[in-house]
Structure formats: C-alpha cells, structure tokens
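Notes for the structure review
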Amino acid sequence: MSGVPVEESLDYRRLLDAAAAAARATTGQGRVADYIPALAAADPEAFGMAVATVDGELYGVGDWERPFSIQSVSKLFSLALALAHGGDGVWGGVGREPSGNPFNSLVQLETEHGIPRNPFINAGALVVTDRLQSLTGDAAGAVREFLRRESGNPLLDTDPAVAASEAEHGHRNAALAHFIASHGNLQNPVETVLDHYYAHCAIAASCRDLVLAGSFLARYGVRADGTRLMTRSEAKRVNAVLLTCGTYDAAGEFAFRVGLPGKSGVGGGILAILPGRAAVCAWGPRLDQAGNSVAAVAALDALTTLSGCSIF
Ligand code: GLU
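Since we're looking at a predicted model, the values are computed, not measured.

What follows is about the pattern of salt bridges. In total, this model carries 14 salt bridges according to the counting rule given. Among the salt bridges present, the one from Arg14 reaches Asp11, with a minimum N-O distance of 3.9 Å. Via salt bridges that share partners, Arg144, Glu145, Arg148 and Asp157 belong to a single interconnected network.

The next thing to look at is the packing of helix H4 (residues 122-136) against helix H7 (residues 171-182). How two helices pack is summed up by the angle between their axes together with the distance between the axes. Put simply, H4 and H7 touch, their axes get as near as 10 Å, and they point 60° apart. With respect to H7, the axis of H4 lies oblique. The two elements H4 and H7 cross, and the hand of that crossing is right-handed. Between H4, through Asn122, Ala123, Leu126 and Val127, and H7, the contact on the second element is made entirely by Asn173, Leu176, Ala177 and Ile180. Residues of the contact of H4 with H7, tallied by class, amount to 6 nonpolar, 2 polar and no charged.

Turning to the sheet that holds strand E4 (residues 68-69), a few remarks are in order. Pairing within the open sheet is antiparallel, and its 3 strands lie in the order E4-E6-E5. Pairing within the sheet leaves two strands with one partner each, and these edge strands are E4 and strand E5 (157-158). Direction of pairing for E5 relative to strand E6 (residues 203-205): antiparallel, over a ladder of 2 bridges. Looking across to E6, one finds that Asp157 is bridged to Ala204.

Here helix H5 (residues 139-151) crosses helix H8 (residues 190-201) at 20°, and the two axes come no closer than 8 Å. Taken together, the axes of H5 and H8 are roughly parallel relative to one another. Note on packing geometry: the crossing formed by H5 with H8 is right-handed. Here H5 contributes Ala139, Ala140 and Val143 to the contact with H8, which in turn contributes His196, Ala199 and His200. Across the contact of H5 with H8, the residue classes break down as 4 nonpolar, 2 polar and no charged.

Here we come to the site of the ligand. The environment of the ligand is made up of 13 residues, and the closest members are Tyr35, Ser72, Glu166, Tyr197 and Tyr248. Here an oxygen atom of the ligand sits 2.6 Å away from a polar atom, N or O, in the side chain of Tyr35. In this structure, Asn173 approaches the ligand through a side-chain N or O atom, which is 2.8 Å from an oxygen atom. Here the ligand loses 99% of its free accessible area of 300 Å² to cover by the protein chains. Grouping the constituent residues of the shell around the ligand by class yields 7 nonpolar, 5 polar and 1 charged.

Thresholds, definitions, all that
- Residues numbered from 1 in each chain as written.
- Predicted model: local features only at pLDDT ≥ 70, side-chain atom pairs only at ≥ 80, totals over all residues.
- Heavy atoms only, no water.
- Salt bridge = Lys/Arg side-chain N within 4 Å of Asp/Glu carboxyl O.
- Axes fitted to C-alpha atoms, helices over the stretch in contact; angles between N-to-C directions.
- Helix = DSSP H or I, 4+ residues; strand = E, 2+ residues; numbered from the N terminus.
- Parallel < 35°, antiparallel > 145°, perpendicular 65-115°, else oblique.
- Left-handed = near helix turned anticlockwise from the far one by under 90°.
- Contact = heavy atoms within 4.5 Å.
- Nonpolar A, V, L, I, M, F, W, Y, C, P; charged D, E, K, R; others polar.
- Pairing = 2+ DSSP bridges.
- Near = heavy atom within 4 Å.
- Polar contact = N/O pair within 3.5 Å; in protein donor to acceptor, adjacent residues only side chain to side chain.
- Areas by Shrake-Rupley, 256 points an atom, 1.4 Å probe, with all protein chains shown as cover.

Here it is as structure tokens:
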C-alpha cells in the first residue's frame, strides 16, 4: 500500500452503490423543510444521486431522474450567469466571506451597510438576482434556459405552486430585499427581484439535470458543447466560494466530511464539484439542523472517502 489511494479513473457505478448504501443508513434522520409549506409535500424517504464526468459519461442511482425543488442550488447558477454576463462588477455589491449566521439572517446586513457577506446566503442571492436581472432582463428565465440547455431537458421549469408558497411566506426575504434597497444596493424594484428569486429557487430539476448543468465547473468554466461560460479564473473563484459558503453555516463541516465545493438547498439537493473530473448531485429531503440534506451529505462523504478523491 502506497498510502495514496487516489485512482486514475474512478468506478462511478460502484461508488454510487456504496454512496446510496451510506444514504440509506441515515433513514429517519432529519426533517423535511416546511417553512415553505409547499416543500413539506416532498417524499421524506426519496434518495437519488448522479455523476456527470467531464468526458460526458453519466451515471445515476435511486431517484436520480426524479425532479425536486432545487431551492438554493439555483444560487450557484444565478451567480455563474451574473459573472458570465457581468464579470467582476458583481462583486461590488456582495462579499465572499462565510457569514457565520443562518442563511436568512438580517443581523449582519445592518452592521455591514446592506452589502451581504456572500452570494449564497439569501441576502447575497437577492443582490445577485438583481444584477442578473439588470444584465439579462429576465433573471429567472436566464437560469431556467441555462439549465434546460445544459441538461437537454426542455420540460425543466419553475413549479408555480412552490414559487407562490415562497412568496406568500416570504416576509423575511422581503425584509432583506427592502433593507438592501434602503442602502442603494438593488438596481431593480424589490418586487421584481423577489419574483425572480422565488422563480429560480422554485425550479424543479433532477440530480441528472443538475449534474449536467453543473459540469461546466468541473471543466473549469467550459460547457459540454465546448464553449466557455466563464474564464478558468472565474470558475476557480465560484468553486472557492462554494467551498467556503455553499452549505449554509456548516461549510466547515461539509469540507471536513466531503472535501468538495458544493451548494445545498432546502429541497434536499446538494450539487458538488470534483474539479477536472465530474459534477455530482445527491438528493434526499430530510435536512439536518443547518439545512443540509442528511442523506446527501452521507452519500457525498462516502463517495469521496471511498474514492480518496476530493480537492484535498
Ligand atoms: N427560496 C428559499 C428561501 O429563500 C431558499 C432556501 C434555501 O434553499 O436555502 O428561503
């Protein structure tokens, strides 16, 4: 034994089976999000996982083709598209440090003058949605079209019932948006920003769709068709912010267990990136205290532990 377990090529079928077994071992742990009432209808025992390699291979296990509410996983795509369309200017209105606070906290905004800590807490995602709206005229449409094109799934869409449920119970997001606007850090009307934010969070997509759409980050900014979405340097930066801020206030624990850049959502999905190799998505609706899927974290932990393949 050399003590260096990294293999040249990974046996993804075997790894996915092992990851699914690790996810099954968490059955019953965690709670399905219900603060957005429409999310409470998710099947708590569902589990799926998919891998899309940089060479175009696709693997899946369990419910990997079943759509779920992507929620904050959409923030990865809104950020990527805002950077792709607007370049570095986006960073003028949002930082890139972990917040150390819950994803929907108002506290820091007050002391930090309406500049959210990072693009993945709700406040930061609202600023990114606002910039993407200015850059494209249709922020939610830009995210939806990108996901459709990359996944090859023309049926991928916003679930209007989830978007309406978010809007109805969105007092905290509305408060964040108004507060940011009061500091002059929104370019569009609060209602427009909230509508587009809810619409991209409420997109329903499967693990299959998300690995295909996220694989540009594994290719250092290059899409499946060979065109470049963003520079290699921008892809590095998105991956860095995913690692430090992508899994709520548990990004340290996620780096410790999984060792990959990743973005989680309260729908129970986590999209993670093995730079140079693959995009991986795991989904299970039951969440831990921090808001990350118990089953998805366990599955990703198993995948990188068994393969010896993480960014570390
Ligand atoms: N749309 C959700 C919210 O604003 C996103 C939550 C999440 O997945 O982190 O509360």
